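A closer look at the structure
Each chain, written out:
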Amino acid sequence: MLSPFANHAEKLKADFLPRKHKLFINNQWVDPVDGGTLDVYNPSTKQKLATVAAGNAKDIDLAVKAAEKAFHGPWSKFTAAQRTAIMHKLADLMEANIDELSTLEVMDAGNPIMHVRHGDIAMAVAYLRYYAGWTDKLFGQVPMSNSGPEMLSYSTRQPVGVAAAITPWNAPMILSMFKIAPTLASGCTFVHKPAELAPMTALRFCELVLEAGIPEGVFNVVTGTGPEAGAPLASHPGVAKVGFTGSTATGAEILRLAAPTFKRVTLELGGKSPVFMFPDCDVDAAIAGISNGIFYKTGQFCAAGTRLYIHDKIYDKVVAGFEKHAKAAKVGQPLETDTTMGPIISQKQLDRVTNYLEIGRKEGGEIVTGGNLLPGDGYFIEPTLIANVDQTKTLVKEEIFGPVLVAQRFTDSHDLDTLAAWGNDTQYGLAARIWTTNLRNAHGLAARLDAGTITINNGFLGDLDFGGFKSSGLGRELGQYGIESYLEHKSIAVGF
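Residues numbered from 1 in each chain as written. Predicted model: local features only at pLDDT ≥ 70, side-chain atom pairs only at ≥ 80, totals over all residues. Heavy atoms only, no water.

So, the overall build of the chain
Along its length, the chain carries 16 helices and 21 strands. A compact globule built from 496 residues should have a C-alpha radius of gyration of about 23 Å, and the chain, at 24 Å, falls within 12% of that. Seen along its three principal axes, the alpha-carbon backbone of the chain occupies a region of about 75 × 65 × 40 Å. Looking at the chain as a whole, 56% of its 496 residues qualify as buried. (Helix = DSSP H or I, 4+ residues; strand = E, 2+ residues; numbered from the N terminus. Rg over C-alpha atoms; globule rule 2.2 N^0.38 Å. Buried < 20%, exposed > 50% of the residue type's maximum accessible area, 1.4 Å probe, protein only.)

This is the structure:
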């Protein structure tokens, strides 16, 4: 059956994708200084999707200088109400083009169309609208003065300056919006380096920025590789704030590059999130939750629940239930509306996943279901469950970033301290999930876990701020905390 999004795909192939994709600097499409290019591929077909400009340090410098000029120029004169209005206009344009944006992101990153259309892009619009409401709520304080009636002390909050974003390929639009929305709301200006594997929605978004009427230099996009464009952006002295989502190793390098100029840095990094399933839980709901969680983005999701700790009383039922869900999943072309799971992003990432599966076999893990590559033109692999994996083994410790779950048993003899110790026994602390109807177990275990976001009887991550403990990151995105890192606090004391 022809996907209802096929027409959008054909239009993109005929018009947008074949263009000469340049850099977006100062509201102009410009060639990279040194003329470099990058080919972008569709992971579901392995075919070339487009060719984009490959910027480097020279282009980053031009973008940052344009952003600095805009920060001190027209953008600084926009009132809070004007920023709100222009952000709502941009959100309206996203909504008007949501099917096209969704189709483009599916072709670029490989996530199933229904997840992208009704999840990622729809939520990106919602986050843009949410932060549009923050522009006039960035209050300072006027405390009671300890110096008597001849002194007035007050504080203000102002944008830090140029904000940089370096974003990943697994959820291009929504993870970019985590940074775009608070940047615009705070009054900062923006330079974006999207992932080289999936930069296309970032470039299409620039056209909407122009249509929305955002002033020159406020929003800039430089495509390119991490070493050639990302590193000079993170280290540029004109950048005041860096927001990065990606691997823990790259996050550490971002910190090193930002350190000499004391930039503000927020990092959302890797995860190895535990899932605890107690015998009193709604087993069917829990099985559906863990299954949908690993199908989502083909397991290429930092907060995916990938370590299952299942009570012995329900272990067999959970394992059998996941196997049933996995075999019923439709793994295939992501533009089809009934596709459950799409491809891995690239051959390199597919090799990483299959290498971990081989490690799991060698370390004694039992592959209950999955583990096989699937025929076809794309980078497809079955959702996989590996049972009886010891707590000390590699697959329990390291992030795989693929549709692979590892399962272990626990019994009534294991108290909450023991379970929490198992859950905390990695370098990561991004998310955790608990399935139980027992309040003591739910709240007691949540209090003991080192994780930035914990869900109870729910597969979703909730509506609050997002970030991790330990090597899973630094700072928070979303919510009120998500805009704080884009603001400076200034104290003023007036004598009279």
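Some words on the sheet that holds strand β18 (residues 453-456)
Strand order across the open sheet formed by seven strands is β13-β14-β15-β12-β11-β17-β18, with mixed pairing between neighbours. Two strands lie at the open edges of the sheet, namely β13 (366-369) and β18, each paired on one side alone. This sheet shows a mean twist of 25 degrees between the axes of neighbouring strands, independent of strand direction. Bridging between strand β17 (residues 431-435) and β18 involves four bridges; their strand directions are parallel. Of the residues in β18, the one forming a bridge with Arg 433 is Thr 455. Along the sheet, helix α11 (residues 312-328) makes contact with β11 (273-277), β12 (305-311), β13, β14 (384-387) and β15 (404-410), crossing β12 at roughly 140 degrees. (Pairing = 2+ DSSP bridges. Axes fitted to C-alpha atoms, helices over the stretch in contact; angles between N-to-C directions. Contact = heavy atoms within 4.5 Å.)

Some remarks on the pattern of salt bridges
Within this structure, the stated rule accounts for 28 salt bridges. Taking the shortest distance from any N to any O, the salt bridge between Asp 136 and Lys 137 comes out at 2.9 Å. On the basis of relative accessibility, which here comes to 49%, the residue Asp 136 falls in the partly exposed class. Between Glu 253 and Arg 256 there is a salt bridge; the shortest N-O distance is 2.6 Å. With Glu 253 and Arg 256 both in helix α9 (residues 248-258), this residue pair falls three residues apart, about one helical turn. For Glu 253, a relative accessible area of 34% gives the class partly exposed. Since its relative accessible area comes to 51%, Arg 256 is described here as exposed. Put simply, Asp 15, Arg 19, Glu 100, Arg 204 and Glu 207 are held in one network by salt bridges that share partners. (Salt bridge = Lys/Arg side-chain N within 4 Å of Asp/Glu carboxyl O.)

Observations regarding the domain arrangement of the chain
Domain parsing of the chain yields domain 1 (4-269 + 472-493) and domain 2 (273-456). For domain 1 versus domain 2, the separation of C-alpha centres amounts to 31 Å. The interface of domain 1 with domain 2 comprises 28 residues on the first partner and 29 residues on the second. Together, the buried faces of domain 1 and domain 2 total about 2,400 Å²; carbon and sulfur atoms form 62% of this surface. Three residues stand out in domain 1 for area buried against domain 2, namely Ser 44, Trp 169 and Ser 472, and they jointly supply 23% of the buried area on that side. The tally of links from domain 1 across to domain 2 stands at one salt bridge. Among the salt bridges present, the one from Asp 120 reaches Lys 297, with a minimum N-O distance of 2.4 Å. Taken together, the links from domain 1 to domain 2 amount to nine residue pairs in polar contact (both at pLDDT 80 or more). (Domains from an automatic or database assignment. Buried area = accessible area lost by both parts, 1.4 Å probe. Polar contact = N/O pair within 3.5 Å; in protein donor to acceptor, adjacent residues only side chain to side chain.)

Side note on the UniProt feature "active site" (unreviewed entry) in the chain
Listed under "active site" (unreviewed entry) in the UniProt record, and renumbered for this structure, are Glu 268. One can find Glu 268 in strand β10 (residues 264-268). For Glu 268, a relative accessible area of 2% puts it in the buried group. (UniProt positions renumbered as here; feature names shortened; annotations may be inferred.)

So, unusual backbone geometry
Located in the positive-phi region is Asn 27, a residue other than glycine, with phi close to 65 degrees. Examined against the element boundaries, Asn 27 turns out to sit in the loop between β1 (23-25) and β2 (28-30). Notably, Asn 457 is not glycine yet its phi reads approximately 55 degrees, a positive angle. Positionally, Asn 457 belongs in the loop between β18 and β19 (469-470). Overall, the relative accessible area of 39% leaves Asn 457 in the partly exposed class.

Concerning the environment of Ala 447
Looking at where Ala 447 falls in the secondary structure, it is placed in helix α15 (residues 439-448). Ala 447 sits 27 residues away from Ala 420 along the chain, and the two C-alpha atoms are 9.1 Å apart.

Looking at the packing of helix α4 (residues 98-109) against helix α7 (residues 200-212)
Relative to each other, α4 and α7 sit at 155 degrees, their axes nearing to 9 Å. Relative to α7, α4 is oriented roughly antiparallel. In this structure, α4 uses Glu 100, Leu 101, Leu 104, Glu 105 and Asp 108 to contact α7, whose residues at the interface are Met 200, Thr 201, Arg 204 and Leu 208. (Parallel < 35°, antiparallel > 145°, perpendicular 65-115°, else oblique.)

Structural notes on α7
Taking 1.5 Å per residue, 13 residues should reach 18 Å; α7 reaches 19 Å between its end C-alpha atoms and fits that length. Extensive coverage of α7 is indicated by the burial of 11 of its 13 residues. Two residues or fewer after α7 comes Gly 213, characterised by a positive phi angle close to 85 degrees. (Expected span 1.5 Å × (residues − 1).)

Some thoughts on helix α14 (residues 416-423)
When we look at burial in α14, the residues that qualify are Leu 416, Leu 419, Ala 420, Trp 422 and Gly 423. Viewed end-on, α14 has its buried residues packed into an arc of 155 degrees, placing them on one side of the element. On its buried face, α14 sits against β11, β12, β15 and α15. (Arc of directions from axis to C-beta.)

Quick word on the nonpolar core
Of all hydrophobic cores here, the largest spans 76 residues; its most connected members are Leu 17, Leu 90, Met 94, Met 177, Met 200, Phe 205 and Phe 219. When sequence neighbours within four positions are dropped, the list of residues in contact with Phe 219 reads Phe 24, Asn 27, Ile 180, Phe 190, Phe 205, Cys 206 and Val 209. With 27 residues, the next largest nonpolar core counts Val 353, Val 396, Ile 400 and Leu 449 among its residues. (Core = buried A, V, L, I, M, F, W, Y, C linked by side-chain atoms within 4.5 Å.)

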